[in-house]
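Summary of structural features
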Amino acid sequence: MVHRIRLTILGARSTLLKFVLRQARRFTFSAAAAAIVITSSCGSEKLLSVQFNDEPVDSIPKTDQEVGKCRVGDPIGQFGQVRIKHLPLSGNGNWIQLTQQAGAPPAKFRCTFIASRGDGRYLVTFRLFIPSGNAALILFQSGTFQPPTEFFTLDLPASGILSAPGSSSIAGRFPHDAIFSVAVNLEIGEASKVEVTLLGNAHGSFTADVASSVKDVARTFSVIQLTTDTKTPGSTFFANDLSALFTPPSTRR
């Protein structure tokens, strides 16, 4: 059930609030989306903030972002290309486009937080544009373990269907050829869990437990990696407005 909600948060300056209100210009909030805003707008530290409007089109994304650092997997573009591009739509600013080369490793865009904070609540938000017939993978990784190890992967397949890892049940749907937004709440601790919520043109959510075999990886969470789908030759997608907020256990509400 979708509810229309009016939010008044005096003095709020969080990246999250701006992110969700940007979506609210055209779409109503779900109760889950409203909860994300209310529980994460106060007492949080910004660990990552990535936008591309001041970067030249066709350039490689810069390493030093507003908050945090990002790098591409292959700057030359031999394996997979990551470049600043305009969307096929007009009037939406600069985005990064990841493009998979046939028969090669995936294109990667890996962003590292300004610090590793350990246990607590993390809210990761971003916007995506996935052309028809394409897919995207978002990996949540440790910045400590080598080689880089993920403890959770968000799979956004060419079907446009959102499902929890290991499940065939439909938890939501997202469009192709249109901008939509994703919010991922992560409760990191002795037993970690992840809640994914689709916003804007997309809808649906699911909650999943982090496997105990990678719980130590989750407790050093500090990296988000965007990756093309190697199962789809030539796969491509666009991303923008990556953000991560952290709330310590003692200040969570």
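Everything below is about the structure printed above this text.
A brief structural summary.

1. Structural notes on the state of the cysteines
Following the criterion strictly, the structure yields 1 disulfide and no others. Disulfide partner of Cys70: Cys111, at an S-S distance of 2.2 Å. Between Cys70 and Cys111 the sulfur-sulfur dihedral comes to about 110°; the bridge is accordingly right-handed. Taken together, the positions of Cys70 in strand S2 (residues 69-72) and Cys111 in strand S5 (residues 108-112) put the pair 41 residues apart, joining distant regions of the chain. For the pair shown, Cys70 and Cys111 are each scored as buried.

2. A word on the nonpolar core
By size, the foremost hydrophobic cluster in this structure holds 52 residues, and its most contacted members are Phe109, Phe140, Phe151, Leu154, Leu186 and Leu226. In this view, Phe109 contacts Phe52, Pro61, Cys70, Arg71, Val72, Val82, Ile96, Leu98, Ile224, Gln225 and Leu226; residues no more than four positions away in its chain are not counted. Within the second largest apolar cluster, 5 residues are counted, among which are Leu87, Trp95, Ile179 and Phe238.

3. Some thoughts on the sheet that holds strand S7 (residues 136-142)
Spatial ordering of the open sheet is given by S2-S5-S14-S7-S8, a layout of 5 strands whose pairing is antiparallel. Two strands lie at the open edges of the sheet, namely S2 and strand S8 (150-156), each paired on one side alone. In this sheet, adjacent strand axes meet at a mean angle of 15° when their direction is disregarded. Pairing between S5 and strand S14 (residues 221-227): 5 bridges, direction antiparallel. Each residue of the ladder has a partner; that of Thr112, found in S14, is Val223.

4. Considerations on the packing of aromatic side chains
Evaluation of the coordinates by the stated rule reveals 11 aromatic pairs. Measuring from centroid to centroid gives 6.4 Å for Phe113 and Tyr122, while their planes differ by 20°, and the two rings are stacked. Here Phe113 matches Tyr122 in class, with each residue buried.

Thresholds applied
- Residues numbered from 1 in each chain as written.
- Predicted model: local features only at pLDDT ≥ 70, side-chain atom pairs only at ≥ 80, totals over all residues.
- Heavy atoms only, no water.
- Disulfide = S-S within 2.5 Å.
- Helix = DSSP H or I, 4+ residues; strand = E, 2+ residues; numbered from the N terminus.
- Buried < 20%, exposed > 50% of the residue type's maximum accessible area, 1.4 Å probe, protein only.
- Core = buried A, V, L, I, M, F, W, Y, C linked by side-chain atoms within 4.5 Å.
- Contact = heavy atoms within 4.5 Å.
- Pairing = 2+ DSSP bridges.
- Axes fitted to C-alpha atoms, helices over the stretch in contact; angles between N-to-C directions.
- Phe/Tyr/Trp six-rings, centres within 6.5 Å; stacked < 30°, edge-to-face > 60°.

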